[in-house]
Amino acid sequence: MLKKNKLTISGDDIKEGLTCVLSAKIPDPKFSSQTKDKLVSSEVRMIVENIINEKLSIWFDQNPTTAKIILAKVMQAALARDVARKARENVRRKGALELSGLPGKLADCQIGKQDGTELFIVEGDSAGGSAKQGRNRANQAVLPLRGKILNTYVEEVTFKKNGNNDSNEHRTKALSKMISSNEIVTLINALGLDPKVQDIDLKDLRYGKIIIMTDADVDGSHIRALLLTFFNNKPFNKLIENGHVYLAQPPLFKINKGTKGIYIKDEKELEDYILNNSKELKKTKKGSKEYNRVFDEEKSKMSIQRFKGLGEMNPEELWSTTLDPETRNLLQVQYSKDLKKDQNLIHTLMGSDVALRKDFIVSNAINVQNLDI
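Criteria and cut-off values
Residues numbered from 1 in each chain as written. Predicted model: local features only at pLDDT ≥ 70, side-chain atom pairs only at ≥ 80, totals over all residues. Heavy atoms only, no water. Pairing = 2+ DSSP bridges. Helix = DSSP H or I, 4+ residues; strand = E, 2+ residues; numbered from the N terminus. Contact = heavy atoms within 4.5 Å. Axes fitted to C-alpha atoms, helices over the stretch in contact; angles between N-to-C directions. Parallel < 35°, antiparallel > 145°, perpendicular 65-115°, else oblique. Nonpolar A, V, L, I, M, F, W, Y, C, P; charged D, E, K, R; others polar. Buried < 20%, exposed > 50% of the residue type's maximum accessible area, 1.4 Å probe, protein only. Salt bridge = Lys/Arg side-chain N within 4 Å of Asp/Glu carboxyl O. Polar contact = N/O pair within 3.5 Å; in protein donor to acceptor, adjacent residues only side chain to side chain. Phe/Tyr/Trp six-rings, centres within 6.5 Å; stacked < 30°, edge-to-face > 60°.

Student: Please set out the sheet that holds strand β10 (residues 331–332) residue by residue, giving values where relevant.
Tutor: Taken in spatial order, the five strands of this open sheet run β4-β3-β5-β6-β10, and their pairing is mixed. On the outer flanks of this sheet lie β4 (140–145) and β10, each paired with one strand and no other. Here strand β3 (residues 118–123) pairs with β4 via six bridges, running parallel. Looking across to β4, one finds that Ile121 is bridged to Leu143. Packing of helix α4 (residues 124–134) onto the sheet brings it into contact with β3, β4 and β5 (209–213), and relative to β4 it is tilted by some 170 degrees. The strands that helix α8 (residues 218–232) touches are β3, β4, β5 and β6 (245–247); relative to β5, the one it contacts most, it runs at about 150 degrees.

Shown next as structure tokens:
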């Protein structure tokens with residue numbers, strides 16, 4: 001294939017509209033099919049190509065004006081094909097969801113390219129409604145998922161235990177398990193990817209950023225963990241490796257102070273805020289019964305609103321705290337340098353070894369504060 005001015009010219013562009021009458025007499029001719037539309041006798045091809053190449057080259061040299069007209073026609077055919085390709089891609093972006101049978105819950109963005117676009121994955125129609133109203137429709141899309149998705153963790157260690165290094169069969173079964181879930185298929189199709197392939201092409205990805213935006217509570221954390229488990233599996237882990245997956249940081253609390261609202265991320269940040277704004281609490285030693293009593297007294301003096309979910313926030317609040325690139329705080333999902341340690345943790349938390357998970361919970365229970373039940 002040739003390239004000229006960044007326009008790719010293919011053999012089809014050169015042959016478009018070309019008619020050639022060739023008469024050849026050969027013994028025992030071989031054709032590609034019963035209809036005899038293509039001669040496939042290999043001994044003839046080299047002879048024909050050499051003769052045509054020689055005669056056509058001489059003719060082009062002797063007729064430069066006509067040769068330029070033919071080249072212009074080839075360029076025009078290549079340009080038309082490129083325009084048609086881009087039009088098909090645009091139609092595919094706008095119509096792929098309907099063609100693939102997806103529910104109409106995805107609110108797509110207006111920009112038709114990957115760069116600069118964002119997909120917010122939210123839990124439920126309530127959060128989806130606020131997000132759809134509060135977003136920037138030009139480059140932000142919203143996909144509400146219903147409930148908690150399937151735990152799609154693929155246990156690679158199974159093959160090492162069995163002495164089997166070929167994981168293709170296992171991976172096929174894992175993919176089959178994934179696409180048995182409507183919500184997961186919905187997500188994969190919304191991303192522009194094929195749920196049935198063993199590898200994915202990032203050029204097919206419809207959005208530059210995939211942002212998991214769940215409620216700032218225990219259920220939201222669980223849904224976030226399930227989504228991250230899905231993205232950790234091959235071939236979708238390419239999205240993490242190439243920096244496409246992010247976590248939104250919606251607030252859990254709002255402190256009303258006069259006409260001003262102060263948004264607080266979580267319990268720890270709330271405790272820090274109360275401590276920093278209370279002279280009485282600063283005088284009290286942390287960890288004694290007296291500290292807890294003073295803390296509760298100071299907390300009761302404040303007008304604190306706790307969001308039960310993103311759906312409770314009005315669109316303007318959701319935009320200013322979580323959606324607006326100028327004010328939001330996104331966390332990019334990345335693997336650490338110790339990838340084995342990362343995978344061991346995922347195996348502990350999401351794998352089928354209950355005893356291993358129980359030991360982890362018991363060991364880390366002391367670090368859990370204010371568990372939201």
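Next comes the rest of the write-up.
Student: Now, about the packing of α4 against helix α13 (residues 315–323): what can you tell me, with residues and values included?
Tutor: Where α4 contacts α13, the axes come no closer than 8 Å and their chain directions differ by 80 degrees. Taken together, the axes of α4 and α13 are roughly perpendicular relative to one another. On α13, the residues that touch Ser130, Ala131, Gln133 and Gly134 of α4 are Pro315, Leu318, Trp319 and Leu323. Classifying every residue of the contact of α4 with α13 gives five nonpolar, three polar and no charged.

Student: So what's going on with unusual backbone geometry? Which residues, and what values?
Tutor: Note: most residues except glycine have negative phi, and most peptide bonds are trans. In this structure, the amide linkage connecting Lys234 to the following residue, Pro235, adopts the cis form with an omega of 5 degrees. Structurally, the position occupied by Pro235 is in the loop between α8 and α9 (237–241). Backbone geometry places Asp28, a non-glycine residue, at a positive phi of 50 degrees. By the secondary structure assignment, Asp28 is in the loop between α1 (11–15) and α2 (42–62). Classification of Asp28 as exposed rests on a relative accessible area of 58%.

Student: Tell me about the pattern of salt bridges, and please be specific about residues and values.
Tutor: Counted by the stated rule, this structure contains 13 salt bridges. The partner of Lys148 in a salt bridge is Asp219, with the nearest N and O atoms 3.2 Å apart. Here Lys148, found in the loop between β4 and α5 (157–162), pairs with Asp219, found in helix α8; they are 71 residues apart in sequence, far enough to count as distant. Asp219 gets classed as partly exposed once you look at its relative accessible area, which sits at 43%.

Student: Can you explain the side chain of Ser278? Please cite residues and give values.
Tutor: Counting through the fold element by element, Ser278 comes out in the loop between α10 (267–276) and α11 (279–283). Only 3.1 Å separates the side chain of Ser278 from the backbone nitrogen of Leu281, close enough to count as a polar contact. There is a polar contact of 3.0 Å between the side chain of Ser278 and the side chain of Glu298.

Student: Residue-level account of helix α7 (residues 182–190), with values.
Tutor: Counted residue by residue, α7 has seven buried out of nine residues, so it is predominantly covered. Inspection of α7 places Glu183, Ile184, Thr186, Leu187, Ile188, Asn189 and Ala190 among the buried residues, and these make up the whole buried set. Following α7 by one or two positions, Gly192 has its phi on the positive side, about 85 degrees.

Student: Give me the packing of aromatic side chains: which residues, what numbers.
Tutor: A complete count under the given rule lists five aromatic pairs for this structure. Seen in terms of ring centroids, Tyr263 and Phe307 are 6.5 Å apart; in terms of plane orientation they differ by 15 degrees. Their pairing is stacked. With Tyr263 in strand β8 (residues 260–264) and Phe307 in the loop between β9 (303–306) and α13, this pair connects stretches of sequence that are 44 residues apart. What makes Tyr263 partly exposed here is its relative accessible area of 26%. For the ring pair Tyr291 and Phe295, a centre distance of 6.3 Å and an interplane angle of 20 degrees mean the geometry is stacked. With Tyr291 and Phe295 both in helix α12 (residues 289–300) and four residues apart, this pair spans about one turn of that helix. The exposure classification of Tyr291 matches that of Phe295, with both residues buried.

Taken by themselves, the reported measurements are silent on function.
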